[in-house]
Amino acid sequence: MRRIACLIVLTFSLVIINHRSAHAHTFFKDSLLNVVYHYLDTYQYDEAERIISEAYKSKKQMTPLEEYYLLCFEAEVMYYNALFGIGTESTLDALRIAESLNNDTLIGNCYNFLGLFAMNESNTQDAIGYLRKAVYFLPAYHHNYSIALQYQAYANLAECFLKNNQPDSAIYYSNLSQIEASAINRKRGMALNQLNIGDAYFLKGATNEAIKKYEEAIQLIEPDHQIDVLQTLYTALMTCYHANGNQRMAMNYLNLALQTDTNKAVTAYSRIYFYKQAIAIQQKNKNYQSAFELQNRFNEIKQQNEKKEIERRNKILERYYEKSKLLALANLDGELKENELQRKNLITYFLIALVIFCLLLSISIYYLFRQRSNMQKAEHHAELDRLTLQKELEQQKLKSDVILEERDRIAKELHDDLGSLSSSIHIMSGLLENKLNQDSRENMLAQKISRNAKQLSETLSDLVWAVYSKNDSFDNLIERMKNHAFEMLQYQDIEIHFKYNDQLRDIDVGIVLRKNLFLLFKEAINNVAKYSKASIVNIELNRSENKLILAIIDNGTGFDITTQPSGNGLSNMKSRAEAISGNLSIESAPGNGTCIMLTCLT
């Protein structure tokens, strides 16, 4: 997709910004919820989470409806701070309350949240399922403006299909969303629907229709309140005209987007989306000086935003864990008190029976009482141990989920930061090439810098792919291996046969195995492309019991292993095999091709 974070946040803002109305404040009048609502309205997410934590700390009895809204507000806080796993947990807790209240509107609101979280974690199939449920449960034209409306769920569905490269479905659901948005005069929602439809036409290659929809969306915008959407529309028009070959209009909209960038109301998401698109277009047009200036400004904005986001995210996590700890202790204390009450009731019943039968069975009852009391104490301690262990396991799972999210966030930031640096190097080398004599030594050095920047970008791509947790499946590894093999060999008239055992899909590959296995494979394929002069290469992946077997066989010129120098990456391949405790075998002879086989434990 041409934009990921920016438009998702703009679409989600339908759930939030359009709700900042007198209706919502009346709904929460004179309550703690109104304080939280105020902080959300002014984007003070850490303060909102602080009030939520204090609400639980006060031990004041909350109604189910109050707790529902607190959980939904917490989900909103987590969404805007990219803590999607925690936000999902808060939404699921809210959904359980909504189902107990048997309230379709509240249930639909939760499914809309779950769809947004799944969409941000690139799980579009689950997101589509959740959002369809949201459409089913949310009644059209309802008046509880503190939660999602049906047209917003339709708009989010359209965004899912855009991410899934299904433009016709995106147009269909955007038109459904437009019906209610127009009826209740939600101009921001109407503009975003036109933006989604324009993007769908762009995906279909119908750039003229896309331009028309973007221009219709601009007519709906109120710049004083929706400057972020306006900047995004200018960026979309800039990209569209550039694709059409109309560079004059593309530069016109680039300048308009730059003018909106000075407005304090513009969001970080729309600014980052604009700068990325503008830098890419200026590079393609070889306007390196302009690209260099935009890149510097982009880096400055990104550093400022990242510092603020890290500080705010740390405060939010600290307060969330404080609240979670309070809840865990409260639940444990409640369960222990209930067990204690049950024990006291049993003792009371037992004493009554003792009084009735004391004359006949005093000795027997005495021994029975002692035995039963000991059993109750043992059960009480066992239950306490079980509950404590259960809470510890839940806390460990929560921390594990947060660590996984942090790992993905670090991978993304690493990709963005080093990608930005690589882009800057490429731009500066382009500037040098334009200013230096083509045959000069300095020009050759600038070209070498550009090639090294490209190699750095490729290495970065492999590293980020290895770190991302969503790639911890063999399906993703196989897909990346196939893509690399076909990319390297298909234009050299080398016929590729790629076979793999379906049992491999059951393997959960961790970061170490996945990284070293792919880099070894990549080195082998690069050698085939550079040196083998082969016409056929066979690639096989099999699983035998608990062993993984990779074989790469070509019919090329081969080489004498005994006299082969340490180059061609053979030493790197051996190091990769040793890193995963694998056994690497290389068989080759002049004129007889090459067979590389790796065996390792899974």
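Further up the page is the structure itself.
Note that this is a predicted model, so its numbers are computed, not measured. (Residues numbered from 1 in each chain as written. Predicted model: local features only at pLDDT ≥ 70, side-chain atom pairs only at ≥ 80, totals over all residues. Heavy atoms only, no water.)

A.B. asks: Which parts of the structure should I look at to understand the environment of Tyr234?
C.D. replies: Among the secondary structure elements, Tyr234 is positioned in helix 13 (residues 227-244). Apart from residues no more than four positions distant in its own chain, Tyr234 is found in contact with Ile218, Tyr253, Leu256, Ala257 and Thr260. (Helix = DSSP H or I, 4+ residues; strand = E, 2+ residues; numbered from the N terminus. Contact = heavy atoms within 4.5 Å.)

A.B. asks: Is there a simple way to think about the pattern of salt bridges in this case?
C.D. replies: Oppositely charged side chains can form a pair if their charged atoms are brought close together. Tallying each qualifying case throughout the model produces 8 salt bridges. Salt-bridge contacts for Glu300 lead to Arg297; the nearest nitrogen and oxygen are separated by 3.2 Å. Taken together, the residues span about one helical turn, with Glu300 and Arg297 both in helix 16 (residues 288-435) at a distance of 3 residues. Within this structure, Glu47, Arg50 and Glu54 form a network of salt bridges that share partners. (Salt bridge = Lys/Arg side-chain N within 4 Å of Asp/Glu carboxyl O.)

A.B. asks: Explain the nonpolar core here, please?
C.D. replies: Soluble globular proteins tend to bury their nonpolar side chains together. Judged by nonpolar contacts, the single largest core of 62 residues is most densely connected at Val36, Leu40, Tyr68, Tyr69, Leu70, Phe73 and Leu157. With 11 residues, the top contributor of residues to this core is helix 5 (residues 64-80). Formed by 44 residues, the second largest nonpolar core is a distinct cluster that contains Tyr151, Ala191, Leu192 and Ala217. (Core = buried A, V, L, I, M, F, W, Y, C linked by side-chain atoms within 4.5 Å. Buried < 20%, exposed > 50% of the residue type's maximum accessible area, 1.4 Å probe, protein only.)

A.B. asks: Before we go on, may I ask you to explain the side chain of Asn193 in this structure?
C.D. replies: Along the chain, Asn193 falls in helix 11 (residues 187-203). Those residues in contact with Asn193 that sit more than four places away from it in its chain are Ala155, Ser174, Ser177, Gln178 and Ala181.

A.B. asks: Honestly, the sheet that holds strand 2 (residues 536-544) in this entry has me stumped. Any pointers?
C.D. replies: Backbone hydrogen bonds are what pair the strands of a sheet, in a parallel or an antiparallel way. Strand order across the open sheet formed by 5 strands is 1-2-3-5-4, with mixed pairing between neighbours. Pairing within the sheet leaves two strands with one partner each, and these edge strands are strand 1 (495-500) and strand 4 (583-588). Within this sheet the neighbouring strands show an average axis-to-axis angle of 10°, counted without direction. The sheet contact formed by strand 2 and strand 3 (residues 547-554) spans 8 bridges and is antiparallel. Looking across to strand 3, one finds that Leu541 is bridged to Leu550. This element, helix 18 (residues 474-489), spans strand 1, strand 2 and strand 3 of the sheet and lies at about 170° to strand 1. On top of the sheet, helix 19 (residues 511-532) reaches strand 1, strand 2, strand 3, strand 4 and strand 5 (594-601); it is set at about 10° to strand 3, its chief contact. (Pairing = 2+ DSSP bridges. Axes fitted to C-alpha atoms, helices over the stretch in contact; angles between N-to-C directions.)

A.B. asks: Would you mind showing me how to read the layout of surface pockets here?
C.D. replies: It is the rolling of a water-molecule-sized probe over the atoms that shows where space remains empty. In this structure, the second largest pocket spans a volume of roughly 840 Å³. Lining the second largest pocket are 24 residues, and of these Glu458, Thr459, Asp462, Lys522 and Asn526 sit closest to its centre. If you list the elements that add at least two residues to the lining of the second largest pocket, you get helix 17 (441-467), helix 18, helix 19 and helix 20 (570-579). Residues belonging to the lining of the second largest pocket are distributed by class as follows: 7 nonpolar, 7 polar and 10 charged. (1 Å grid on protein atoms, 1.4 Å probe; cavity = no way out; pocket = protein on both sides within 12 Å on 5 of 7 lines; lining within 4 Å. Points joined across faces, edges and corners; volume = space filled by probe spheres on them. Nonpolar A, V, L, I, M, F, W, Y, C, P; charged D, E, K, R; others polar.)

A.B. asks: How should helix 10 (residues 167-183) be read in this particular structure?
C.D. replies: Quick reminder: α-helices carry 3.6 residues per turn. Residues three or four places apart thus point the same way. With 17 residues, helix 10 should cover 24 Å at 1.5 Å per step; its first-to-last C-alpha distance of 25 Å lies within 8% of that length. Residues Pro167, Ala170, Ile171, Tyr173, Ser174, Ser177, Gln178, Glu180 and Ala181 constitute the buried set of helix 10. Directly after helix 10, the chain includes Asn185, whose backbone phi takes a positive value near 60°. (Expected span 1.5 Å × (residues − 1).)

A.B. asks: What am I meant to see in helix 11 here?
C.D. replies: Taking 1.5 Å of rise per residue, the 17 residues of helix 11 would be expected to cover 24 Å, and the 24 Å separating its terminal C-alpha atoms lies within 8% of that figure. With 14 of its 17 residues buried, helix 11 lies for the most part within the structure. Two residues or fewer after helix 11 comes Gly205, characterised by a positive phi angle close to 85°.

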